[in-house]
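# Coordinates in review
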Amino acid sequence: MTTITEAARKTTLIPPSSGEFSSRQPKTIRLYPVSNYTFGTKEAQPEEDPSVSARLQRLQGHYEQFGMRRTCEGVLVCHEHGHPHILMLQIANAFFKLPGDYLHPGEDEIEGFAARLNERLAPVNAQYPPEQHTPEWEVGDCIAQWWRPNFETFTYPFIPPHVSRPKECKKLYLINLPKHKVLSVPKNMKLLAVPLFELYDNSARYGSQLSAIPQYLSRYNFEFVDENNVVIGRSPALNH
């Protein structure tokens, strides 16, 4: 349930308070409307592998040479009509993925992750004047870890007990978006704002990793801000 602030409330039918229920809550995250962000385009970024089997074969080569692959992806959250939405890439009008990619061998985790986000979504300097270039990525909490035990498509949110050498670890990081940001999307992809209610329990369309994002975010409190920087709602409603 979302609490509407007094400034945005349009009803006088206010339920009685059920008492304090906010102990040990995590930090509150401020979400800005999707309309605050500027979306541009840049050159296409074709997939490295023509097929799933080719991707797994390349993973095996990477493992044999460098060990376990480290992958980082970002959960970019904004809101529309007071409900959290996730900015997600769509490829070929069918396949969904979060922005990010694998780290280079020996590369620092956070610096490398920020570099992958820039490769995917940073604007081309010539597209926008310098004053419109936005701050660097603010990488927040690691909210999930997924493990690939073998050179197969199956991944798990835990390491199976019989596995001692996983082949890939994928971390999902919460990205704290600023009030405004310019994002440029490769021409062969789309950047969509997908609501949590669409992702929840929808592994048939989004897969097990993406459909679990609502559970990952359920530990946070959100504060929704409009285009004029006025707080219009909070979720969850800690006091009714």
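Let me sum up the structure you'll find in this document.

Before going further, it helps to examine the overall build of the protein. A tally of regular secondary structure across the protein gives five helices and 13 strands. Considering the protein as a whole, with its 240 residues, one finds that 45% of them fall into the buried category. In the protein, 73% of the contacts between residues at least 6 apart in sequence involve partners at least 24 apart. With an accessible surface of roughly 13,400 Å², the protein has 52% of that area assigned to carbon and sulfur atoms.

Let us now look at the pairing of strand S2 (residues 28-31). In summary, the side chains of a regular strand alternate between the two faces of the sheet. Alternating residues of S2 divide into Ile-29 and Leu-31, all buried, and Thr-28 and Arg-30, none buried. Note: S2 against strand S12 (residues 221-225), four bridges, orientation parallel. Looking across to S12, one finds that Thr-28 is bridged to Asn-221.

To continue, consider helix H1 (residues 52-66). Compared with an ideal rise of 1.5 Å per residue, which puts 15 residues at 21 Å, H1 spans 21 Å between its outermost C-alpha atoms and is within 8% of the ideal. Listed in full, the buried residues belonging to H1 are Leu-56, Leu-59 and His-62. Here the buried residues of H1 occupy an arc of 115° about the axis, which is enough to place them on one side. Exposed and facing more than 90 degrees away from the buried side of H1 are Ser-53, Gln-57, Glu-64 and Gln-65. Of the surrounding secondary structure, the elements contacted by the buried residues of H1 are strand S4 (69-80), strand S8 (139-148) and strand S9 (168-175). A positive phi of about 90° marks Gly-67, the residue just after H1.

The subject of this paragraph is unusual backbone geometry. Positive phi values are uncommon outside glycine, yet Ala-92 reaches one of about 60°. With respect to the element layout, Ala-92 can be found in the loop between strand S5 (83-91) and strand S6 (95-97). Residues other than glycine seldom take positive phi values, yet Asn-93 does so here, at roughly 60°.

Cut-off values and rules
Residues numbered from 1 in each chain as written. Predicted model: local features only at pLDDT ≥ 70, side-chain atom pairs only at ≥ 80, totals over all residues. Heavy atoms only, no water. Helix = DSSP H or I, 4+ residues; strand = E, 2+ residues; numbered from the N terminus. Buried < 20%, exposed > 50% of the residue type's maximum accessible area, 1.4 Å probe, protein only. Contact = heavy atoms within 4.5 Å. Areas by Shrake-Rupley, 256 points an atom, 1.4 Å probe, with all protein chains shown as cover. Pairing = 2+ DSSP bridges. Expected span 1.5 Å × (residues − 1). Arc of directions from axis to C-beta.

Fair warning: the whole summary comes from geometry, so function is off the table for now.
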